[in-house]
Amino acid sequence: MEKKQFRTESQKLLDMMINSIYTHKEIFLRELISNASDALDKLYYKSLTDDTVTLARGDYEIRLDTDRDARTVRISDNGIGMTEEELENNLGTIAKSGSYDFKHDNEQKEEVDIIGQFGVGFYSAFMVADKITVVSRAFGADTAYKWESEGVDGYTIEPCEKETAGTDILLHLREDTEEEKYSEYLDSWKIKNLVKKYSDYIRYPIKMDITTEKLKEGVDPSSDAEDKYESVTETETLNSMVPLWKKRAQDITEEEYAAFYRDKFYDFEAPAKTIHFKSEGTATFDAMLFIPQKAPFNYYTKDYEKGLQLYSSGVLIMEKCADLLPDYFSFVRGLVDSADLSLNISREMLQHDHQLKVIAKAIEKKIKNELAKMLEADREKYEAFWQAFGMQMKFGLYSDYGMHKDVLQDLVMFTSSNEKKLTTLKEYVSHMKEEQKSIYYACGETNDKIEMLPQCETVTSKGYEVLYLTDDIDEFALKMLAKYDEKTFVNVCAEDLDISTEEEKEAVKAENEGAADMLSAMKEALGDSVSAVRFTNTLKNHPVCLTSEGGLSVGMEQVLNRMPSGEENVKAQIVLEINADHAIAAKLKALWEEDKEKLSSYAKILYAQARLIGGMSIENPAELSQLVCDLMI
Ligand code: ADP
């Protein structure tokens, strides 16, 4: 028969399994049972809308049996089954291949990590078996198919007989070695223990015929008759079938939560936080929520789908119910199980379901409170969480016209000028100086560049803290928030940065009035690039800076113009400010008297310098270069 080859990535995985040095090979059983359970779920789900599924609710089951003589372990289910094509596609490739990356130096460690933390599905069976036979009949199909493989040299598929829909997986165990006693998987007690350990919560019965030696009826236990015992075979259900989320939190170990999370939500790592709770208020439900440690690779793309699994009394009715999570908590994975929801509810109806809205509100509140607790109790963990998902929450502050401010404002963090550490708004306010009116922030590409802004220096030198905003969304989010604890947010580069005393303001006003003609000549020279040129006395050492007038800052202008909206370029109103106490001020005044042309060149050079200091590119580098050269020669 023709042998087909595994696809490349599968080949690698297979290779890894066959040569595995992984010490917990026993997880193969968990993986196969989990697949069987999924297949049962799929058939059950189908039965909700398809009358041709006639299996009674109590008949969905997984069966295990072992054959010592043949050295085989069989895992059977009467679930959805696989067509020939599905056998080929599902078992010839790795379904989760997107999550694997084999190009690592430390391959052995990598292997252990992948197998241990993630499981590797069907292929893990090759850790214990030297031959695997899968007989499957898809629900509704007339023919069954047999898939068979002895490992890397490929697999065969051929039609075969099977009475009913479902899948039988037959593992022929490898020969025992010094280190590894594969034959222990032939013992029913071992299988029973493994089911208890890894698969207890599977919602379908996992049954096995177990033969024990029992005292014959009516025989006196103290008799020494040779045949007082007989072998009795009984079918046992090995698992308790209580879903993990229905158990009490105190009866579940960290490891159980983590294994459940990885298995169900395909993560390599344990969750950063597990939130397991029961609600019995206006809505009755159990929820098990997980906050991942890292953002999935597609998290900040439109391919990422948010949502929680939705169960109605233990039966999965929706894989990803988006309505259960607000966008700003879209990173949360997990499930909700409520008896209040009808099993047959359609997606469209679900959207308008009052009960679902009540549940969603309760979940949002719970997540918020748990995050607040984490912030309070475990700063380091919260900061790691913030690095992964903070951006999403800042988007949340901005979206829907700032409607979610009450949920989010105490959870957001920004880098502060104070040692460049993350700070919350509450902490910022608690550090404010007595006379300080506003919450100051500055925008730029990096914290270091922001720190070098002249205006930043001005504000920090007064002992005020400045929030460093480096993400595009940041300033928009703060503008939307407008105030925190009655304090307004002020960009240190805004023209109306109100930081001087009345006297200082008077002095600079007089300065500007006295030099009004000169300043407007400089503005003339700069054309539309700026809306005004002014003296300032807030700069410490720097000669110039740019500030913006009106609501739109330079940073926002840059962000908006980067967006592919196709609209006309937006323009911030920029003012060139000159340090009235700097020697350049006197020089300009002298030029105004002596050499008006040179004054205009100086205006252009100073403007270009101010742009560079502010982290912007210059509009006409060639012109600047020429102007500077003219001064040099
Ligand atoms: P995963 O279960 O993570 O998708 P696996 O390698 O374990 O990856 O399985 C690959 C696919 O094979 C499954 O997604 C499923 O479609 C199919 N499959 C495996 N076992 C069964 C089964 N017992 N019944 C039906 N389909 C199955």
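What you see is a predicted model; the values in this text were computed from it and never measured.

A. Summary view of the overall build of the protein. When its secondary structure is counted, the protein shows 20 helices and 22 strands. Over its C-alpha atoms the protein spans a radius of gyration of 35 Å, topping by over 25% the 26 Å that the globule rule assigns to 633 residues. Looking at the protein as a whole, 48% of its 633 residues qualify as buried. For the protein, the share of sequence-separated contacts (at least 6 apart) that also reach a separation of at least 24 residues comes to 70%. Only carbon and sulfur atoms are counted for the fraction: they give 47% of the accessible area of the protein, which is about 32,100 Å². Taking the 77 positively charged and 119 negatively charged side chains of the protein as two groups, their mean positions are separated by 2 Å.

B. Representation of the sheet that holds strand 22 (residues 573-579). Ordered in space as 20-22-21, the 3 strands form an open sheet in which the pairing is mixed. In this open sheet, the two edge strands, each paired with only one partner strand, are strand 20 (532-536) and strand 21 (544-549). On average, each strand axis in the sheet is tilted by 35° relative to the strand beside it, whichever way the strands run. Bridge count for strand 21 against strand 22 is 6 bridges, and the pairing is antiparallel. From the neighbouring strand, Val 544 faces strand 22, where its bridge partner is Ile 578. Helix 19 (residues 596-613) contacts strand 21 and strand 22 of the sheet and is inclined by roughly 75° relative to strand 21.

C. Geometry of the confidence of the model for the protein. Per-residue confidence for the protein averages 89 on the pLDDT scale, and 93% of its residues sit at or above 70. Counting interchain partners and residues more than four positions distant, the pLDDT-below-50 stretch residues 95-106 has 21 contacts.

D. Just helix 8 (residues 354-377), in detail. Compared with an ideal rise of 1.5 Å per residue, which puts 24 residues at 34 Å, helix 8 spans 35 Å between its outermost C-alpha atoms and is within 8% of the ideal. Capping the start of helix 8, Asp 353 holds a side-chain oxygen 3.0 Å from the backbone nitrogen of Gln 355, two or three residues further along.

E. Fine view of the packing of helix 16 (residues 516-526) against helix 19. Between helix 16 and helix 19, the least distance of the axes is 9 Å, while the angle of their chain directions is 70°. Judged by the angle between their axes, helix 16 and helix 19 are roughly perpendicular. The element helix 16 and its partner helix 19 pack so that their crossing is right-handed. Across from Met 518, Met 522, Ala 525 and Leu 526 in helix 16, the residues of helix 19 making contact are Leu 599, Ser 600, Ala 603, Lys 604, Leu 606 and Tyr 607.

F. How the structure looks around the nonpolar core. Core analysis: the largest hydrophobic core is formed by 73 residues, its most contacted members being Phe 329, Ile 363, Leu 371 and Met 393. Contact partners of Ile 363, with chain neighbours within four places excluded, come to Phe 277, Phe 285, Leu 289, Leu 308, Leu 324, Leu 325 and Val 336. If you look at the next biggest cluster of nonpolar residues, it comprises 54 residues, including Met 16, Tyr 22, Tyr 44 and Tyr 60.

G. Fine view of the sheet that holds strand 14 (residues 413-416). The 6 strands are arranged 15-14-17-16-19-18 in an open sheet whose pairing can be described as mixed. Each edge of the open sheet carries a strand with a single partner, namely strand 15 (422-424) and strand 18 (483-484). By the bridge criterion, 2 bridges tie strand 14 to strand 17 (residues 466-469) in an arrangement that is antiparallel. By the bridge assignment, Ser 416 is partnered in strand 17 with Leu 467. The strands touched by helix 14 (residues 472-481) within the sheet are strand 14, strand 16 (439-443), strand 17, strand 18 and strand 19 (487-491), with strand 16 carrying the most contacts at an inclination of about 155°.

H. Summary view of the layout of surface pockets. There is about 460 Å³ of room inside the second largest pocket. In terms of lining, the second largest pocket is formed by 30 residues, of which the most central are Cys 443, Gly 444, Glu 445, Gly 555 and Gln 558. Elements with a minimum of two residues in the lining of the second largest pocket: helix 13 (454-460), helix 14, strand 21, helix 17 (554-562) and helix 19. When residues in the lining of the second largest pocket are grouped by element, the largest group, 6 residues, is from helix 17. Class assignment of the residues belonging to the lining of the second largest pocket gives a composition of 14 nonpolar, 10 polar and 6 charged.

I. The arrangement of the environment of Cys 456 in detail. Inspection of the secondary structure puts Cys 456 in helix 13. Sequence spacing of Cys 456 and Leu 467 is 11 residues, and the spatial spacing of their C-alpha atoms is 9.7 Å.

Reading guide: rules and limits
- Residues numbered from 1 in each chain as written.
- Predicted model: local features only at pLDDT ≥ 70, side-chain atom pairs only at ≥ 80, totals over all residues.
- Heavy atoms only, no water.
- Helix = DSSP H or I, 4+ residues; strand = E, 2+ residues; numbered from the N terminus.
- Rg over C-alpha atoms; globule rule 2.2 N^0.38 Å.
- Buried < 20%, exposed > 50% of the residue type's maximum accessible area, 1.4 Å probe, protein only.
- Contact = heavy atoms within 4.5 Å.
- Areas by Shrake-Rupley, 256 points an atom, 1.4 Å probe, with all protein chains shown as cover.
- Lys, Arg positive; Asp, Glu negative; His and termini not counted.
- Charge placed at Lys NZ, Arg CZ, Asp CG, Glu CD.
- Pairing = 2+ DSSP bridges.
- Axes fitted to C-alpha atoms, helices over the stretch in contact; angles between N-to-C directions.
- pLDDT = per-residue confidence, 0-100.
- Expected span 1.5 Å × (residues − 1).
- Polar contact = N/O pair within 3.5 Å; in protein donor to acceptor, adjacent residues only side chain to side chain.
- Parallel < 35°, antiparallel > 145°, perpendicular 65-115°, else oblique.
- Left-handed = near helix turned anticlockwise from the far one by under 90°.
- Core = buried A, V, L, I, M, F, W, Y, C linked by side-chain atoms within 4.5 Å.
- 1 Å grid on protein atoms, 1.4 Å probe; cavity = no way out; pocket = protein on both sides within 12 Å on 5 of 7 lines; lining within 4 Å.
- Points joined across faces, edges and corners; volume = space filled by probe spheres on them.
- Nonpolar A, V, L, I, M, F, W, Y, C, P; charged D, E, K, R; others polar.

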